[in-house]
Amino acid sequence: MQTYPLHIDGARREPASGEYFESYDPFVGQPWARIARGNADDVDAAVGAAHRALTTGPWPEMTASARGKLLRCLGEAIAERSDDLARTEVRDNGKLYAEMSAQTAYIPEWFHYYGGLCDKLEGTVVPIDKKGYFAYTTTAPVGVVAIITPWNSPLLLLTWKLAAALAAGCTVVIKPSEHTSASTLEFVALLEDAGLPPGVVNVVTGFGAEVGGPLVDHPQVRKVSFTGSDATGRRIGEQAARGVKHVSLELGGKSPNIVFADADLDAAVNGAVSGIFAATGQTCIAGSRLLIQSSVHDEVVDRVVALAATARMGDPADPATQVGPVTTRDQYQKVLSYIDIATSEGAQLRLGGVPATRPECGDGWFVEPTVFTGVENTSRLAQEEVFGPVLAVIPFDDEKEAIAIANDSRYGLGAGVWTSDIGRAFRMAEAIHSGTVWVNTYRAVSYMMPFGGVKDSGLGRENGIDAVGEYLETKSVWINIGAPTGNPFVLR
Ligand code: NAD
């Protein structure tokens, strides 16, 4: 078993508790690594280190151009090690090597993009409406940022936050998911080997209540950037509000993937299957509600079921595997419980609905790709996030009904529209309440395209130029270049 201590102020560090917990390999259902069990004392040490690095030493002394150059070097260093990082992630969260290696190979682009942005964060000269003043704005890093991440795509989702926070000049304490901490620790060590000054990025591993809670509460943390479930996000938002801290929340989804009869049905069927079964449905943007126009409903269902039934399950490290295990034992049980819920709600099971007992799946936590039809949009299966390979199929008659069903959700993260009618594509993109709409594609993301949710799916945007603003404060400077300050009782 490998052992992973904390990473604070540029060094590996034993946890104050002296304790470690086990991280599991979901493919074999056995522990493979020991992870330090951090607590509030470790959080205090890490935030202290981040605060020192923010205010003294090389980081605040760096020009924006030098910071940009460093970020681009970090991107190069990550590129060299991206395959190792992908293998650690596959071991730890059981997602496909094919998916994780593509993610880790893409991560350098964020460091290149945000590296390029560092020296373009300009203030403005304001043509102020009062005579005798020169008025301008500058931007400053918001301060120490707490980054709290989930288990499904640990490094990619970390990078969305980290690259923008570093571009802004912030320093960071990361609290990775207790289920998938290993790759984050390897990643941060790699960044420091490539020249990131000690203390700029620190990692405290452990559990939500023992590390995440104290981190959000720490008075020197000025911003919390969280990706995870909406229940935890809401709690963190309340806690951050008590400390008057900035907060970004990337939360869950119940995304509608909408197939119109006029669509290229081959593409739509591929998009429907990829939307829910890629990543074993463990993605916040899973197209977990498949809305199909009534006239093609039966045909599309038959084709989705037939294609999903061909999915090769097994070892996620094998590039030929198409559906891997569920990442945690609890999640595996949660997915199975939703299959029971859907059955009791009267939905018709068309595929799967059981743990996978194929020999290639061994003792791993596998659930067969599952398709339910005849799902009511008011049912729990249609309203609650399963975060697994379970598809809810809902029929609709026309555009108006599709929009009404799509928007009848407390979530609003992603949506797919499959149509060959360009006017309909624009109308749907405008009418659907979600942070992203994909037309005739699904799950596309990029470092330059804003990503985030509306409604219970979250607050704030990651990726793209504006995301750096999530880590900046604006400062307004007034300089009197006119008459000396006069009457102290009158505001000028
Ligand atoms: P989770 O909310 O259980 O945990 C996320 C992180 O929060 C973990 O690091 C956890 O330890 C920490 N945490 C838990 N309790 C905490 C507390 N009281 N204070 C501070 N931190 C605490 O989520 P998860 O199960 O790891 O991830 C799955 C969820 O993440 C799904 O709901 C999914 O939709 C969501 N997600 C969203 C996006 C997005 O970009 N919108 C992306 C991926 C996953």
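For the structure itself, look to the data block above.
Residues numbered from 1 in each chain as written. Predicted model: local features only at pLDDT ≥ 70, side-chain atom pairs only at ≥ 80, totals over all residues. Heavy atoms only, no water.

J.: Let's hear about the packing of helix 5 (residues 154-167) against helix 6 (residues 182-193): which residues, and what values?
T.: As a packed pair, helix 5 and helix 6 sit with axes 10 Å apart at the nearest point and diverge in direction by 45°. Between helix 5 and helix 6, the crossing angle belongs to the class labelled oblique. Relative to helix 6, the crossing made by helix 5 is right-handed. For the pair formed by helix 5 and helix 6, the contact residues are Pro154, Leu155, Leu158, Thr159 and Leu162 on the first element and Ser183, Thr184, Phe187 and Leu191 on the second. (Axes fitted to C-alpha atoms, helices over the stretch in contact; angles between N-to-C directions. Helix = DSSP H or I, 4+ residues; strand = E, 2+ residues; numbered from the N terminus. Parallel < 35°, antiparallel > 145°, perpendicular 65-115°, else oblique. Left-handed = near helix turned anticlockwise from the far one by under 90°. Contact = heavy atoms within 4.5 Å.)

J.: Got a sec to walk through unusual backbone geometry? Specific residues and values, please.
T.: Although it is not a glycine, Val244 sits at a positive phi angle of roughly 50°. Of note, Val244 is situated in the loop between helix 8 (230-242) and strand 12 (246-250). A positive phi angle, close to 55°, is found at Thr280, a residue other than glycine. Topologically, Thr280 is positioned in the loop between helix 9 (265-277) and strand 14 (289-293). Note on Thr280: relative accessible area 2%, which makes it buried. (Buried < 20%, exposed > 50% of the residue type's maximum accessible area, 1.4 Å probe, protein only.)

J.: Describe the site of the ligand, listing the residues and the values that go with them.
T.: The ligand sits among 28 residues. The nearest are Lys175, Glu178, Ser229, Leu251 and Glu385. At 2.8 Å, a side-chain N or O of Thr232 approaches an oxygen atom of the ligand. Across the complex, the protein chains shield 90% of the 850 Å² of accessible surface that the ligand would expose by itself. When atoms are counted within 2 Å of each cavity's grid points, the one that captures over half of the ligand is the largest pocket. Mapped onto the shell around the ligand, the elements with two or more residues apiece are helix 7 (208-217), strand 11 (221-227) and helix 8. The residue inventory of the shell around the ligand, partitioned by class, reads 12 nonpolar, 11 polar and five charged. (Near = heavy atom within 4 Å. Polar contact = N/O pair within 3.5 Å; in protein donor to acceptor, adjacent residues only side chain to side chain. Areas by Shrake-Rupley, 256 points an atom, 1.4 Å probe, with all protein chains shown as cover. 1 Å grid on protein atoms, 1.4 Å probe; cavity = no way out; pocket = protein on both sides within 12 Å on 5 of 7 lines; lining within 4 Å. Sits in = over half its atoms within 2 Å of the grid points. Nonpolar A, V, L, I, M, F, W, Y, C, P; charged D, E, K, R; others polar.)

J.: Go over the pairing of strand 7 (residues 133-141), please, and point to the residues and values.
T.: As judged from the two bridges shared by strand 6 (residues 125-126) and strand 7, these two strands associate in the antiparallel manner. If you follow Val125 over to strand 7, its bridge partner there is Tyr136. Turn length for the strand 6-strand 7 hairpin, with the two strands adjacent in sequence and antiparallel, is six residues, and the turn residue Gly132 shows positive phi of about 85°. Bridging between strand 7 and strand 21 (residues 472-480) involves nine bridges; their strand directions are antiparallel. When the sheet's bridge partners are listed, Thr139 is paired in strand 21 with Thr474. (Pairing = 2+ DSSP bridges.)

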